[in-house]
Amino acid sequence: MTNEIIKFEHVAKKFGKNEVISDLNFSIDKGEFITALGSSGSGKTTTLKMINGLEKPTKGEIIVNEQNLKNCNLVDLRRHIGYVVQSIGLFPHMTIAQNIAVTPNLLGWNKHKISQRVDDLLTQVGLDPEEYRNRYPMQLSGGQQQRVGVARALSTNPPIMLFDEPFSALDAITRQNLQQEIKSLHQKLSNKTFFFVTHDINEALFLGDRVMVMNRGKVEQFDTPEKLITQPATEYVRQLLDTVHQNEVLWEHFK
Ligand SMILES: Nc1ncnc2c1ncn2[C@@H]1O[C@H](COP(=O)(O)OP(=O)(O)OP(=O)(O)O)[C@@H](O)[C@H]1O
Ligand SMILES: [Mg+2]
């Protein structure tokens, strides 16, 4: 029995002639909260999309839930992987409840089960079902829409959740609240694996059990926040973490 839920073996990805990922190797255990950091264009989104089959590797093997993605039905796979992105993509003409219920409806759940699930999920992401279930997306703030995006991705109780910079368009306070909530959601929903891409170093260090630092299509270091801080493996990692210190220096300057 293995506890691995995601494994990349010698994965490479080219777009045309341009190799954007080269020889990517890592594995993630069930229940881990993984965050990914790295410069723009380093391959974070591409890596995420290879996990749910939205992009195919040019070389190598990807194993998700003990299945090699080469031999797996991708539509089925995606139903077992929640996906939350920055531009949430809620359907504007559907109510919040209908938006959350899209996949359960496709799967033919009965009305009673769906409405219970919708109310449950709204509660879990901190929105009062009474108040929000019949509203339309445009009647919600950006942060509230993002919560609905998380609820929708959780609708079928997938074992894996992928997040691609979900909070980057939000103000700092809303963002911090959502970070707290996503962390406690992960703790409550025991054994779900989260893979969360962000540009915010503090967010990555706060949320991640382990942090994957990518640069130019390679993993520079994949380690606990503590290890990254105390033993940066490369100059790039050291520089990246140093930017946090620079902010501290700025604060001291104004005190
Ligand atoms: N569909 C595509 N066709 C061609 N090139 C692509 C495609 N998608 C991504 N790329 C290229 O692959 C590289 C990695 O892109 P990716 O979106 O994975 O980066 P990222 O780390 O998510 O960056 P960011 O932090 O800006 O979101 C970039 O150089 C990008 O231009
Ligand atoms: Mg990206």
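First, a word on scope: everything that follows refers to the structure included in this document. (Residues numbered from 1 in each chain as written. Chains lettered and ligands numbered in written order. Predicted model: local features only at pLDDT ≥ 70, side-chain atom pairs only at ≥ 80, totals over all residues. Heavy atoms only, no water.)

Every residue lining ligand 1 is accounted for by Phe15, Val20, Ser39, Ser40, Gly41, Ser42, Gly43, Lys44, Thr45, Thr46, Glu165 and His199. Taking Lys44, its side chain carries an N or O atom lying 2.8 Å from an oxygen atom of ligand 1. Within the side chain of Thr45, one N or O atom sits 2.8 Å away from an oxygen atom of ligand 1. Burial of ligand 1 by the surrounding chains reaches 59%, relative to a free accessible area of 640 Å². With three residues, the top contributor of residues to the shell around ligand 1 is helix α1 (residues 44–51). In terms of residue class, the shell around ligand 1 is made up of two nonpolar, eight polar and two charged. (Near = heavy atom within 4 Å. Polar contact = N/O pair within 3.5 Å; in protein donor to acceptor, adjacent residues only side chain to side chain. Areas by Shrake-Rupley, 256 points an atom, 1.4 Å probe, with all protein chains shown as cover. Helix = DSSP H or I, 4+ residues; strand = E, 2+ residues; numbered from the N terminus. Nonpolar A, V, L, I, M, F, W, Y, C, P; charged D, E, K, R; others polar.)

So, about the pattern of salt bridges. For the coordinates displayed, the defined rule picks out 13 salt bridges. Residues Glu4 and Lys7 are paired through a salt bridge, measuring 3.6 Å at the closest nitrogen-oxygen approach. A relative accessible area of 26% means that Glu4 is categorised as partly exposed. A salt bridge links Arg238 to Asp242; its shortest N-O distance comes to 3.4 Å. On the criterion of helical spacing, the pair formed by Arg238 and Asp242 is a turn pair, its members being four residues apart in helix α11 (residues 235–254). Here the salt bridges share partners, and the residues they tie into one network are Asp119, Glu130 and Arg133. (Salt bridge = Lys/Arg side-chain N within 4 Å of Asp/Glu carboxyl O. Buried < 20%, exposed > 50% of the residue type's maximum accessible area, 1.4 Å probe, protein only.)

On to the nonpolar core, then. Core analysis: the largest hydrophobic core is formed by 32 residues, its most contacted members being Ile100, Val150, Met161, Phe163 and Ile182. Mapped onto this core, the elements with two or more residues apiece are α3 (96–100), α5 (111–124), α7 (142–154), β7 (160–164), α8 (172–188) and β8 (193–197). Ranked by the residues each element gives to this core, the list is headed by α7, at five residues. Beyond its immediate chain neighbours, meaning those up to four positions away, Ile100 contacts Val118, Leu121, Leu122, Val148, Ala151, Arg152 and Ser155. Counting residues in each nonpolar core, the second largest holds 28 residues, with Leu24, Ile62, Ile160 and Phe222 among its members. (Core = buried A, V, L, I, M, F, W, Y, C linked by side-chain atoms within 4.5 Å. Contact = heavy atoms within 4.5 Å.)

The subject of this paragraph is the environment of Gly53. Structurally, the position occupied by Gly53 is in the loop between α1 and β4 (59–64). When the C-alpha atoms of Gly53 and Glu226 are compared, they prove to be 32 Å apart, with 173 residues separating the residues in sequence. In this structure, Gly53 is in contact with Leu69, Leu74, Leu77 and Arg78, ignoring residues within four places of it in sequence.

Below, the discussion takes up the packing of aromatic side chains. For the structure shown, the criterion picks out seven aromatic pairs. Aromatic pair Phe8 and Phe26: ring centres 4.5 Å apart, planes at 20°, arrangement stacked. Here Phe8 is found in strand β1 (residues 4–15), whereas its partner Phe26 is found in strand β2 (residues 18–29), with 18 residues between them in sequence. Overall, Phe8 belongs to the buried group, its relative accessible area being 1%. Both rings, one in Phe33 and one in Phe196, keep their centres 6.1 Å apart while their planes meet at 50°; by these two values the pair is tilted. Of this pair, Phe33 sits in strand β3 (residues 33–38) while Phe196 sits in strand β8, placing them 163 residues apart in sequence. Like Phe196, Phe33 is buried. Between Lys13 and the ring centre of Phe15, over which it is positioned, the NZ or CZ distance is 5.0 Å. Cation over ring: Lys113 sits above Trp109, and NZ or CZ is 4.1 Å from the ring centre. (Phe/Tyr/Trp six-rings, centres within 6.5 Å; stacked < 30°, edge-to-face > 60°. Lys NZ or Arg CZ within 6 Å of the ring centre and 35° of its normal.)

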